[in-house]
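Each chain, letter by letter, is given below.
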Amino acid sequence: MEEITNNLIPNTEARVNVTYSGQNGDLSDTVFFESTDGDVRSWVTEAVQNGSIPGINAAADADFGDFVVDRFAATEDRPYNLIQLRPKTPFGK
Amino acid sequence: MAKNVTIVGVGALGSHLVQFLRSEDIDIRVIDFDRVEQKNVQSQFHGKPSVGKLKVDALKQSMQFLYGKKISTVSHRLVYNNDNELLKGDLIIDCLDNGEAREIVQKYARLYEVPCLHGALAPDGSFGRVIWDEKFVIDSEAGQGGATCENGEFLPFIAITSAYLARAAQIFLATGKKTGFSISPTGVVAV
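Residues numbered from 1 in each chain as written. Chains lettered and ligands numbered in written order. Predicted model: local features only at pLDDT ≥ 70, side-chain atom pairs only at ≥ 80, totals over all residues.

A few points about the overall build of chain A
So, step 1. Tallying secondary structure elements over chain A gives one helix and five strands in all.
So, step 2. Across chain A, helices and strands are ordered from the amino to the carboxyl terminus as β-β-β-α-β-β.
So, step 3. In terms of overall dimensions, chain A has a C-alpha envelope of 45 × 35 × 25 Å along the principal axes.
So, step 4. Out of the 93 residues belonging to chain A, those deemed buried represent 37%.
So, step 5. A separation threshold of at least 6 residues defines the contact pool for chain A, and within that pool the share at least 24 residues apart is 45%. (Helix = DSSP H or I, 4+ residues; strand = E, 2+ residues; numbered from the N terminus. Buried ≥ 20, exposed ≤ 12 C-beta atoms within 10 Å, placed from the backbone. Contact = placed C-beta atoms within 7 Å.)

A look at the sheet that holds strand S3 (residues 72-74) of chain B
Residues and elements named next belong to chain B.
So, step 1. Spatial ordering of the open sheet is given by S3-S2-S1-S4-S5-S6-S7-S8, a layout of eight strands whose pairing is mixed. Edge positions in the open sheet fall to S3 and strand S8 (187-190), since each of these has one partner strand only. Within the sheet, the average angular offset between the axes of one strand and its neighbour, ignoring direction, is 15°.
So, step 2. Of the strand pairs in this sheet, strand S4 (residues 91-94) and strand S5 (residues 116-121) are connected by three bridges, and their pairing is parallel. (Pairing = 2+ DSSP bridges. Axes fitted to C-alpha atoms, helices over the stretch in contact; angles between N-to-C directions.)

Topic: the interface of chain A and chain B
Accessible area lost on assembly of the parts is the figure often given for the size of an interface.
So, step 1. With 22 residues of chain A at the contact, the number on the chain B side is 36 residues.
So, step 2. If you list the elements that add at least two residues to the side of chain A that touches chain B, you get strand S1 (13-20), strand S2 (23-26), strand S4 (68-72) and strand S5 (81-86) of chain A.
So, step 3. Here the element with the most residues in the side of chain A that touches chain B is S5(A); it accounts for three residues.
So, step 4. Looking at side-chain class alone, the side of chain A that touches chain B contains six nonpolar, ten polar and six charged residues. (Nonpolar A, V, L, I, M, F, W, Y, C, P; charged D, E, K, R; others polar.)

Some points on the environment of B:Gly9
So, step 1. Inspection of the secondary structure puts B:Gly9 in the loop between strand S1 (3-8) and helix H1 (12-20).
So, step 2. For the pair B:Gly9 and B:Phe33, spaced 24 residues apart in sequence, the C-alpha separation works out to 8.4 Å.

Structural notes on H1(B)
All names here are of chain B.
So, step 1. With seven of nine residues buried, H1 is to be regarded as a mostly interior element.
So, step 2. Considered for burial, the residues of H1 that qualify are Ala12, Leu13, Gly14, Ser15, His16, Leu17 and Val18.
So, step 3. In this fold, the buried residues of H1 make contact with S1, strand S2 (26-31), helix H2 (55-67), S4, S5 and helix H5 (155-175).

Regarding the pairing of S8(B)
Residues and elements named next belong to chain B.
So, step 1. As paired strands, strand S7 (residues 181-184) and S8 are joined by four bridges and run antiparallel to one another. Residue pairing in the sheet places Ile183 in a bridge with Val188 of S8.
So, step 2. Remark: two residues form the turn of the hairpin made by S7 and S8, two consecutive strands paired antiparallel.

As for the nonpolar core
All names here are of chain B.
So, step 1. Core analysis: the biggest nonpolar cluster contains 70 residues, and Ile7, Val18, Val105 and Leu165 have the highest contact counts within it.
So, step 2. If one sorts the elements of this core by residue count, H5 sits on top with eight residues.
So, step 3. The residues contacting Ile7, other than those within four sequence positions of it, are Gly14, Leu17, Val18, Ile28, Val30, Ile93 and Cys95. (Core = buried A, V, L, I, M, F, W, Y, C linked by C-beta atoms within 7 Å.)

Some points on the packing of H1(B) against H5(B)
All names here are of chain B.
So, step 1. Running from amino to carboxyl end, H1 crosses H5 at an angle of 55°, the nearest separation of the two axes being 8 Å. Between H1 and H5, the interaxial angle falls into the category oblique. The hand of the H1/H5 crossing is right-handed. In this structure, H1 contributes Ala12, Leu13, His16, Leu17 and Phe20 to the contact, and H5 contributes Ile158, Ala159, Thr161, Ser162, Ala163, Leu165 and Ala166.
So, step 2. The residue makeup of the contact of H1 with H5, split by class, is nine nonpolar, three polar and no charged. (Parallel < 35°, antiparallel > 145°, perpendicular 65-115°, else oblique. Left-handed = near helix turned anticlockwise from the far one by under 90°.)

Here you go:
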């Protein structure tokens with residue numbers, strides 16, 4: 001039987017969270033946790049270009065080629081797997 | 001006995017972090033070789049009278065004057081042949097701005113199994129990371145030279161990210177639990 005990480009998301013799936021131009025939102029559907037970085041970038045690019053991510057305005061020229069894909073397994077505080085597509089963060093000071 | 005916390009880099013994230021940790025029962029040690037510049041006053045916890053001073057000395061004076069909190073300081077650049085001398089403590093918090101120095105901190109923390117928390121910002125103030133070393137990957141510096149450090153527009157976001165750094169440190173010091181955060185201007189996710 002498939003283990004469930006919370007009420008909705010199986011442990012083989014992940015929520016995809018996106019930060020773009022200071023806006024943040026989730027893909028409407030979960031994806032396979034082991035999806036390739038290329039696939040994640042491609043799905044998110046299409047979704048942002050179409051304006052289908054709540055919280056992120058449609059941007060026809062959205063390009064995530066230089067963004068980073070992070071993966072976080074479910075935790076006690078966040079009972080679902082998470083994939084994040086985010087800008088690079090070189091600064092601290 | 002108070003725990004020792006070493007903060008490497010006291011610019012944007014690190015300077016605010018120190019003042020956010022002022023009420024903790026910890027000994028704070030800060031490392032930075034840089035001096036306060038006029039442009040830093042817009043986004044860092046350094047005031048106009050500190051311009052020209054070493055950042056660590058300026059922060060030491062501010063913390064003593066404003067809060068009566070003593071901190072210890074190291075005004076050397078962190079390099080591979082002084083990491084053993086400089087990087088001490090029960091917790092290291094990396095608030096650096098370059099991958100080379102982050103790598104020194106990361107290698108030291110992994111070699112000596114010292115808990116290490118990293119803080120990092122996107123150049124355009126659109127994303128912040130508070131992340132424990134076990135999950136930390138150093139980003140390349142393609143965006144270096146951006147406006148994060150020089151523009152007061154990002155001060156609230158820098159301070160928010162610093163506050164989450166302080167919160168992650170606070171949770172760890174109290175419980176040993178390693179909680180991280182991904183921060184965007186519109187929301188925060190625990191990672």
